[in-house]
Amino acid sequence: FPSHDNGGEAYFEISKNLDLFASVFREINTYYVDEIDAGKLTKKAVDEMLNQLDPYTNYISEAEAEDFRVQMTGQYGGVGALIGIKGDYVMITDPYEGYPAQKEGLMAGDLIVEIEGKSTKGKNSGDVSKMLKGQPGTKVKIVIRRDGKDIEKNLTREEIKMKNVPYYGMINNETGYIKL
């Protein structure tokens, strides 16, 4: 890089430091006495780097960004089903009408035993929810257990829009029912 080009020097400095980080990371991965969690180490490094800046500069992971988007808009990329815990597994409690879970024949009571080849045994509903969520249009392969039989399903995630009022109606002439 030309020495009079300040942008070139800055790029060189960044490149050199990224190479240093990658070298250290490889060495740790290869020679550290215990197995490392690459994701946790990287997140810690990024968080510490950003702590050197102002308090408004933060890193938000893809999963956290998705959670924030759900809170703000009620929309997310997923399969469209409520889930809950039953024994060692997470169970589908309510597949939303017209969304991937319902379209692929998933039913309330189905146990989700595997997602993308990984067992869900002992996982909580938050962990399973994160595994099911993703960009609309991407596929997710799950195995459900129904009546003791394991069934493989391939779902294509869609943009899910949760209604603020999923149901309303009159029970009789004087009593209305609104589900919030």
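As the structure is a prediction and not an experimental result, all values here were calculated from the model. (Residues numbered from 1 in each chain as written. Predicted model: local features only at pLDDT ≥ 70, side-chain atom pairs only at ≥ 80, totals over all residues. Heavy atoms only, no water.)

Novice: Looking at this model, I keep getting lost on helix H2 (residues 38–51). Mind explaining?
Specialist: For H2, spanning 14 residues, the distance from its first C-alpha to its last is 20 Å, which sits close to the expected 20 Å at 1.5 Å a residue. Among the residues of H2, the N-terminal cap falls to aspartate 37, whose side-chain oxygen and the backbone nitrogen of glycine 39 are separated by 3.2 Å. (Helix = DSSP H or I, 4+ residues; strand = E, 2+ residues; numbered from the N terminus. Expected span 1.5 Å × (residues − 1). Polar contact = N/O pair within 3.5 Å; in protein donor to acceptor, adjacent residues only side chain to side chain.)

Novice: What is the right way to read the nonpolar core from this model?
Specialist: One recurring pattern in soluble globular proteins is that nonpolar side chains are buried together. Ranked by size, the top nonpolar core spans 14 residues in total, and within it Leu106, Ile115, Leu132 and Ile142 carry the most contacts. The set of elements that each furnish at least two residues to this core consists of strand E3 (89–95), strand E4 (111–115), helix H5 (125–132) and strand E6 (139–146). In terms of residue count, the dominant contributor to this core is E6 (three residues). Leaving out residues up to four positions away in the same chain, isoleucine 115 has contacts with Thr120, Val128, Met131, Leu132, Val140, Lys141 and Ile142. Counting residues in each nonpolar core, the second largest holds five residues, with Tyr89, Met91, Val113 and Val143 among its members. (Core = buried A, V, L, I, M, F, W, Y, C linked by side-chain atoms within 4.5 Å. Buried < 20%, exposed > 50% of the residue type's maximum accessible area, 1.4 Å probe, protein only. Contact = heavy atoms within 4.5 Å.)

Novice: It is not clear to me how the packing of aromatic side chains should be interpreted in this structure. Could you clarify?
Specialist: The way to describe two aromatic rings as a pair is by their centre distance and the angle between their planes. This model, assessed by the stated rule, comprises two aromatic pairs. Between phenylalanine 21 and phenylalanine 25, the aromatic rings sit 5.8 Å apart at their centres with planes inclined by 35°, giving tilted as the arrangement. Of this pair, phenylalanine 21 and phenylalanine 25 both sit in helix H1 (residues 6–31), four residues apart, which is roughly one turn of that helix. Judged by relative accessible area, which is 22%, phenylalanine 25 ranks as partly exposed. Both rings, one in tyrosine 96 and one in tyrosine 99, keep their centres 6.4 Å apart while their planes meet at 75°; by these two values the pair is edge-to-face. Pair check on accessibility: tyrosine 96 and tyrosine 99 agree, each one buried. (Phe/Tyr/Trp six-rings, centres within 6.5 Å; stacked < 30°, edge-to-face > 60°.)

Novice: Just checking my understanding: could you explain the pattern of salt bridges for this structure?
Specialist: When charged atoms on two side chains of opposite charge get close, those side chains can pair. Enumeration over the complete set of coordinates arrives at six salt bridges. Among the ionic pairs, aspartate 47 bridges to lysine 43, the shortest N-O distance being 2.9 Å. Of this pair, aspartate 47 and lysine 43 both sit in helix H2, four residues apart, roughly one helical turn. Of the residues examined, lysine 43 reaches a relative accessible area of 31% and is grouped as partly exposed. One salt bridge connects aspartate 110 with arginine 146, and the closest N-O pair in it is separated by 2.7 Å. Here aspartate 110, found in the loop between helix H4 (100–103) and E4, pairs with arginine 146, found in strand E6; they are 36 residues apart in sequence, far enough to count as distant. (Salt bridge = Lys/Arg side-chain N within 4 Å of Asp/Glu carboxyl O.)

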